[in-house]
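# Overview (structure and organization)
This is what each chain is made of:
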Amino acid sequence: MSALGVLLILFLYLASLFLVALWGEGRGRALAQSAHAYAFSLAVYATAWTFFGSVGRAATEGMGFLAIYLGPTLILLLWPFLHGRLLQLARTHRLTSWADFLFLRYGPSPLAPLVAGFLVVGLLPYLALQLKAIAQGFLYLSGGKAPIGDVALPTAFLLALFAILFGTRHLDPSEKHPGLVLAVAFESWVKLLAFLLVGGVVLWQLGNPFPQAQEDPRLRPLLLPPEGLSGHLAWVSLVLLSGLAFLFLPRQFHVSVVENANPHHLRLAAWLFPLYLLFINLPVAPLALWGRLLLPQENPDLYVLALPLGFASPGLALLAFLGGVSAATAMVIVESLALSILISNHLLSPLLLRRKALGSLLVWRRISILLVMLLAYLYFRLAGEAYALVAMGLISFVAVAQLTPPSLLGLFWKGATPQGALVGFLGGILVWAYTLFLPALARSGWLPHGFLEGPHPLLRPEGLLGIQGLDPVTHGFLASLGVNLALAVGVSLFTQKGHIPVGRTGELAELAGLVERVLGPEVGKAFREEALGLTGSQAVALAESWLSASLGPATARLLLLSATREAPDASSPFEALLEEAARESREVRAYARALEEAKRELSEAYERLKALDQAKDEILAAVSHELKTPLTAVRALAEILEANPDLEEGERHRFTALLAKEAARLSRLVEGILAYTRLHAGMPLTLTPTDLKALAQEALALVEPLAREKGITMESQLAGVQALTDRDRVLQVLLNLLHNALRHARSRVRLELNPRGPEALFRIRDDGPGVPQEAKALVFEPFQSFSGSTGLGLFLARRLVEGLGGRIWLEEGEGASFAFTLPLEVAHENPGGGR
Amino acid sequence: MKERALALFLLALALFTPPLGLFPFGERWPWGLPPLYLYLFLAWGLVILLAYFLYRKP
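### Structural notes on the interface of chain B and chain A
Taken together, the contact between chain B and chain A spans 34 residues of the former and 37 residues of the latter. Interface of chain B and chain A: buried area, both sides summed, is about 3300 Å²; carbon and sulfur atoms make up 80% of it. Its largest share of buried area at the contact with chain A, chain B owes to Y37, W44 and Y55 of chain B, together 22% of the area lost on that side. Where chain B touches chain A, the interface holds zero salt bridges. For the interface between chain B and chain A, the tally reads four residue pairs in polar contact (both at pLDDT 80 or more). Contributing elements (two or more residues each) for the side of chain B that touches chain A: α1 (2-16) and α2 (35-55) of chain B. In terms of residue count, the dominant contributor to the side of chain B that touches chain A is α2 of chain B (twelve residues). Residue composition of the side of chain B that touches chain A, grouped by class: 27 nonpolar, five polar and two charged.

Take a look at the structure:
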């Protein structure tokens, strides 16, 4: 096939990517933000390493390749715990990577920059692998010669341009990039269709390879399960490793969290993405077997190109090449973008802040995309066919898996400390370098081969503690993750949780000014709108999340120091994060409790209302009854006087006296009822400074004639007390109580007044028979008379006293003794009384 | 729903990572297909089907 033709097709394909992305930013925006585009963009997981490498792996090592796709299926099933939670956090804190999360969770520590740097180093070879796949495929199709130079370099530049155009238009990387997502989803379709078509046509042309493989003693083992314990360990490790890689790879975080338009899209992705992986894996085994059977001399990684070229048509081979290109480019674009965000937000931005050059951050992010691409290209050119490149896919996976302990412990264990996470991560990457990375360099001849022997038989890099029989990746994965996890948990258990940083608060105007200075006037305006109505500390949290997304969390926090002040009572974001899980369940419980409480209060209020209503009815009935008795008597007496004009003088006198007495009783009753209704009508208190002693003397003077008439001695012992109270009401209470006492006394009534703390205490005592035991409970209720009085006096006294903020009660002892207190100052107006 | 998701995860884990070497995967080949591949793809398909039923409606 002509090299020029293949080159033309390649660049046409790349140009179509730009068109798709442009469309996605314009009219295709709705499609780009749909659940289907989201699910297919997750398939950026399937790289050229899937497209070409899976067949190669199946042809040499058997079924192990499948484990790499079962892991993501498992992890995605857990989305309600993992991705769903991450999306929530990302929405509040505008996370752009796992490193952001680690900063948020563990606070300022070297962990986040270390993670960022390590991921760049660990993933560069993986990027190089993609460029190599493109170059290798191109060379193979164009006949092994490279007349137009190396195709990987221009491709890398075009991809960098794409990532810059569609991924870094704005400073804030947490903004959505619909064009990029649509292009990635489009590439997912291209690689799936290309792969299925190649597999289908090859099977159509060549038939079922399995019966032949069954007979072939070299191929039969490829179709059997892994042997023994080491084989089982390798299988399980690979499932686990690929699942963790799916969760922690920067490009996966970018498409699944940062570019997520709606958390509900996960529901579709949770089954559609695994289904995608299942389909793309269906042709792998047949292709691998046909390759082994028909092309025993060929490089197994090129079977996908070689089989259609040799046994179908060149056009199909070209399609296969484009499929591989689509797998490689999607990965390169998203991974380089994600890495550049890591570099700029965690490594460059603190440096730029120190040099006061933060304004150039976006330029630096673009430069870092170019730089990442260039370094990947250099790595590929330098490593070439070396083991350090070929085996790098899984070694990169293990590097990424080192994020597991700090991230998952941070997400689910409150006890994880910054020290534990840092020490665990450091231990993990050291073991990773010793057991996987350096041996890969040694196998490539860049380190002395003796390195693989290790300084001691127990310290062999690919067999620590003298372990034999495990493949290097499984060994390195288990050792590094084990050390990482053990250190993270162990150190966390033995370090203090550290002081939780004090929350901060600030003025909205100042914060908006800062946001505007750093992120531009448009963002500043949006911030002003969003922050309207938030408290100081909430506005600080909002500003921090906005700044952090664009500049990285460490820089955001430094910038905010100047615009904010400490607020010990404002909860810090870390604390909020730690408390989140606990809070959710607490909130639900508290809500249920509050509902229960409200229901109880409502039913109590209803009962009270019912009782009040009934009491009112009873009072009305009692009032009518009380009024009727004297009225009947008055009417009967008047009728007698009218009917008998010649009544004896003595008799007439007796009747008129009775008439006057009953009329007086009626008038007392009406007065009492009037006082009662006044009370209910809510007449306001008129508070005046009152000399209670003088008031008591006045009351005594007023009842003096009645006492003299009844032959009762009035005694008093009055201390001088001043109070701010309603004079008339107190006088009314005193008169009511004195009248009551005079009615029951035999020979003596005594009035006492003493100060008691913040109150004045009155006591009115008589030497009568006292209140009968059965009546004690009812003595303050209306119309409960035991002596023929109106039955309103004590009731009114109680209401008045309670209205003035005091208490009244019946004391134990001989005779009847009533006491009441008055506050020296009425704190608040309560004219209606205690009920 | 979280319980069901966890249960499905555990089922999938059990289906994907049993000690495969202990099962007689080498003996009979139905329709000329290798039983190990058949098993893995069927188990995978089953898990996807269950995930579909679990998550299809909000």
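### A look at the confidence of the model for chain B
Here chain B averages 85 in pLDDT, and 97% of its residues register 70 or above. Interface predicted TM-score (ipTM) for the complex: 0.95; the corresponding pTM is 0.68.

### A look at the sheet that holds strand β8 (residues 748-756) of chain A
All names here are of chain A. Taken in spatial order, the five strands line up as β6-β8-β9-β11-β10 in an open sheet, and their pairing is mixed. Whereas interior strands pair on both sides, the edge strands pair on one side only; in this sheet they are β6 (713-718) and β10 (808-811). Looking at each pair of strands side by side, their axes are set apart by 15 degrees on average, direction ignored. Here β10 pairs with strand β11 (residues 816-823) via four bridges, running antiparallel. Residue L810 lies in a different strand from β11, and its bridge partner there is F818. Relative to strand β9 (residues 759-766), helix α31 (residues 727-744) is tilted by about 20 degrees, and along the sheet it contacts β6, β8, β9, β10 and β11.

### Thoughts on the environment of V801 of chain A
Residues and elements named next belong to chain A. Structurally, the position occupied by V801 is in helix α32 (residues 793-803). A relative accessible area of 1% places V801 in the buried class. C-alpha separation for the pair V801 and P823, spaced 22 residues apart in sequence, amounts to 9.9 Å. Setting aside residues up to four positions removed in sequence, V801 forms contacts with V733, G806, R807, I808, F820 and T821.

Here is what the cut-offs are and how they apply
Residues numbered from 1 in each chain as written. Chains lettered and ligands numbered in written order. Predicted model: local features only at pLDDT ≥ 70, side-chain atom pairs only at ≥ 80, totals over all residues. Heavy atoms only, no water. Contact = heavy atoms within 4.5 Å. Buried area = accessible area lost by both parts, 1.4 Å probe. Salt bridge = Lys/Arg side-chain N within 4 Å of Asp/Glu carboxyl O. Polar contact = N/O pair within 3.5 Å; in protein donor to acceptor, adjacent residues only side chain to side chain. Helix = DSSP H or I, 4+ residues; strand = E, 2+ residues; numbered from the N terminus. Nonpolar A, V, L, I, M, F, W, Y, C, P; charged D, E, K, R; others polar. pLDDT = per-residue confidence, 0-100. Pairing = 2+ DSSP bridges. Axes fitted to C-alpha atoms, helices over the stretch in contact; angles between N-to-C directions. Buried < 20%, exposed > 50% of the residue type's maximum accessible area, 1.4 Å probe, protein only.

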